[in-house]
Amino acid sequence: MAKIKIVCVVGARPNFMKIAPIMAQLNKPDSKFEPFLVHTGQHYDADMKHRFFDQLGIPEPDMDLGVGSGTHGEQTAEIMKRFEPVLEQQQPAAILVVGDVNSTIACALVAVKKNIKVIHVEAGLRSYDRAMPEEINRVLTDQISDLLFTTERQAHDNLQREGIAAERVHFVGNVMIDTLLGHVKRAVPLQQTLSGLAQSEQFFSDKGFALLTLHRPSNVDNRETLERLLSVVAEISEQLPVIFPVHPRTASRMAQFSLAALIDTPRICRLAPLGYLELLGAMSKAKLVLTDSGGIQEETTALGVPCITLRENTERPITVTQGTNVIVGTDADKIRRAVDDVLTSGGKAGRIPEYWDGKAAARIVAVLEERL
Ligand code: UD1
């Protein structure tokens, strides 16, 4: 019997860990499906792309659209323009998109207008903050998707409120946690990541270290906010040394606003963006994580590591209601208090959310077998 073709789409770093277990399931020898992997090229630097494909065992994309960076309008339009001929050529039964980046909405929009089914993995998450570009991408992608797979039950309420029929929505758990559980044993120890760096011993003392990631436009594109955040991190580093892999957006803003000197202390170790296994090695051993990433809020919950989220809201509320996450925004006092709380009492205890068990991709493929 001919296999059913599904065009799977990735574009940016957080998509890679979500697609990896889905590709592995779709590529099993007894699979009913024939996946065709398209990388839009939204992220293209080696440390934003190639290391993830290698480390996560994702097959080389069947096609790379080479879109690159641009304004939201430019990037989204360029992805759409280059993706449409791929669908004409491939004639898939469906496309599968993950997460909430510009590649997600761009490809979903092209497919739905060609009457091709859209499958959205990680549907229904809402921050209710429309100033976040990802929120727009989430709401619109869900509206035009035929099959929606969720990571937490609250997502179903969000989707119901937006008029999306319940029979299109399936609670399957979290594919990113499939990847985490599958790779945690292979995580690269921090000692190895920092080898050869001066001052690295301080990160291995009993007191531990903090891991910092920052890349949201709302945090890094505004000079005052970025300055406030970096200043408080410099203060925190006096108590706890900080590992800071710097996203390209953040690196360019720090240079543009001349803020790098604020964190020029041997207590803060600035690194290029890390590969998946290197970040996992650092995150799993961190005393606490300071972040504005969505994925890291979930990964720290799965690892039981305290997470202090430098945003005013989260689209992943289960990491707060059940996990180790606290939302503090960008107020310096609130950030200091949250850090003190972890240092004095160990921070918030959490538990592992339902279905964050390493089997989400298998559940997705089981539904696809029934529904496609
Ligand atoms: C994108 C996603 C965001 C996700 C983040 C993870 C959208 C709207 N945003 O944000 O949801 O959390 O990825 O990283 O899709 N750049 C490089 N090399 C690269 C890629 C980007 O230098 O490989 C630089 C470029 O200067 C670019 C900037 O980073 O302009 C931002 O990249 P872009 O993909 O537009 O958004 P991110 O901030 O990475």
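Going by an unreviewed UniProt entry, the chain carries the name UDP-N-acetyl glucosamine 2-epimerase and comes from Candidatus Tenderia electrophaga. In its Sequence similarities (unreviewed entry) section, UniProt records this for the chain: "Belongs to the UDP-N-acetylglucosamine 2-epimerase family."

Trainee: Even after reading the chapter, I still don't get the site of the ligand, so can you show me in this structure?
Mentor: Residues in close proximity to the ligand total 19 residues, the closest being Q42, H43, E134, H215 and R249. Between the ligand and the protein, one listed contact pairs a nitrogen atom with a side-chain N or O atom of D45 at 2.9 Å. Contacts to the ligand include N102, whose backbone N or O atom sits 2.8 Å from an oxygen atom. With the chains in place, 85% of the 740 Å² that the ligand exposes on its own is no longer accessible. Of all the secondary-structure elements, those providing two or more residues to the shell around the ligand are α1 (13-26), α3 (72-90) and α11 (248-256). Of the residues that constitute the shell around the ligand, the class distribution is six nonpolar, eight polar and five charged. Viewed by domain, the shell around the ligand spans two of them, domain 1 (4-173 + 356-371) and domain 2 (185-345), each represented by three or more residues.

Trainee: Help me out: how do you make sense of the nonpolar core in this one?
Mentor: Here is a general trend for soluble globular proteins: nonpolar side chains tend to be buried in one another's company. The biggest cluster of nonpolar side chains holds 59 residues, and the ones touching the most others in it are I19, I22, L96, F149 and L368. Ranked by residue count, the leading element in this core is α1, at seven residues. Here this core spans two domains, since at least three of its residues come from each of domain 1 (4-173 + 356-371) and domain 2 (185-345). Setting aside chain neighbours within four positions, we find I22 in contact with L96, V98, V121, V175, A361 and I364. Core analysis: the next-biggest nonpolar cluster, separate from the first, contains 30 residues, V220, F244, I268 and A338 among them.

Trainee: Got a minute to help me understand the sheet that holds strand β4 (residues 94-98) in this structure?
Mentor: If you walk across this open sheet you meet the seven strands as β3-β2-β1-β4-β5-β6-β7, and the pairing is parallel. On the outer flanks of this sheet lie β3 (63-64) and β7 (169-171), each paired with one strand and no other. Pairing between strand β5 (residues 117-121) and strand β6 (residues 147-150): three bridges, direction parallel. Bridging across to β6, V121 finds its partner in F149. Together, β1 (4-10), β2 (33-39), β4 and β5 form the strand contacts of α1, whose direction differs from that of β1 by roughly 165 degrees.

Trainee: What is the right way to look at the pattern of salt bridges in this model?
Mentor: When their charged atoms lie close together, side chains carrying opposite charge are able to pair. Applying the stated criterion across every chain yields a total of 25 salt bridges. Between E78 and R82 there is a salt bridge whose closest N-O contact spans 2.9 Å. Note that E78 and R82 are positioned in helix α3 at a spacing of four residues, about one turn of the helix. The partner of R316 in a salt bridge is D100, with the nearest N and O atoms 3.9 Å apart.

Trainee: It is not clear to me how the packing of aromatic side chains should be interpreted in this structure. Could you clarify?
Mentor: Aromatic ring pairs are described here by two measures, namely the spacing of the ring centres and the angle between the planes. Enumeration according to the criterion identifies four aromatic pairs in this entry. An angle of 45 degrees between the planes, with centres 6.1 Å apart, marks the rings of F16 and F52 as tilted. Here F52 lies in helix α2 (residues 50-56) and F16 lies in helix α1, a separation of 36 residues in the sequence. Comparing F16 with F52 shows no difference in burial state: the two are buried. Taken together, a centroid distance of 6.3 Å and an interplanar angle of 75 degrees make the contact between F203 and F209 edge-to-face. Judged by its relative accessible area of 3%, F209 is buried. Each residue in the set F16, F52 and F53 is aromatic and connected to the rest through ring pairs, giving one cluster. Lying across the ring of F53, K49 places its NZ or CZ 5.4 Å from the centre. Above the face of the Y355 ring, R363 is positioned so that its terminal group lies 3.6 Å from the ring centre.

The rules we used
- Residues numbered from 1 in each chain as written.
- Predicted model: local features only at pLDDT ≥ 70, side-chain atom pairs only at ≥ 80, totals over all residues.
- Heavy atoms only, no water.
- UniProt positions renumbered as here; feature names shortened; annotations may be inferred.
- Near = heavy atom within 4 Å.
- Polar contact = N/O pair within 3.5 Å; in protein donor to acceptor, adjacent residues only side chain to side chain.
- Areas by Shrake-Rupley, 256 points an atom, 1.4 Å probe, with all protein chains shown as cover.
- Helix = DSSP H or I, 4+ residues; strand = E, 2+ residues; numbered from the N terminus.
- Nonpolar A, V, L, I, M, F, W, Y, C, P; charged D, E, K, R; others polar.
- Domains from an automatic or database assignment.
- Core = buried A, V, L, I, M, F, W, Y, C linked by side-chain atoms within 4.5 Å.
- Buried < 20%, exposed > 50% of the residue type's maximum accessible area, 1.4 Å probe, protein only.
- Contact = heavy atoms within 4.5 Å.
- Pairing = 2+ DSSP bridges.
- Axes fitted to C-alpha atoms, helices over the stretch in contact; angles between N-to-C directions.
- Salt bridge = Lys/Arg side-chain N within 4 Å of Asp/Glu carboxyl O.
- Phe/Tyr/Trp six-rings, centres within 6.5 Å; stacked < 30°, edge-to-face > 60°.
- Lys NZ or Arg CZ within 6 Å of the ring centre and 35° of its normal.

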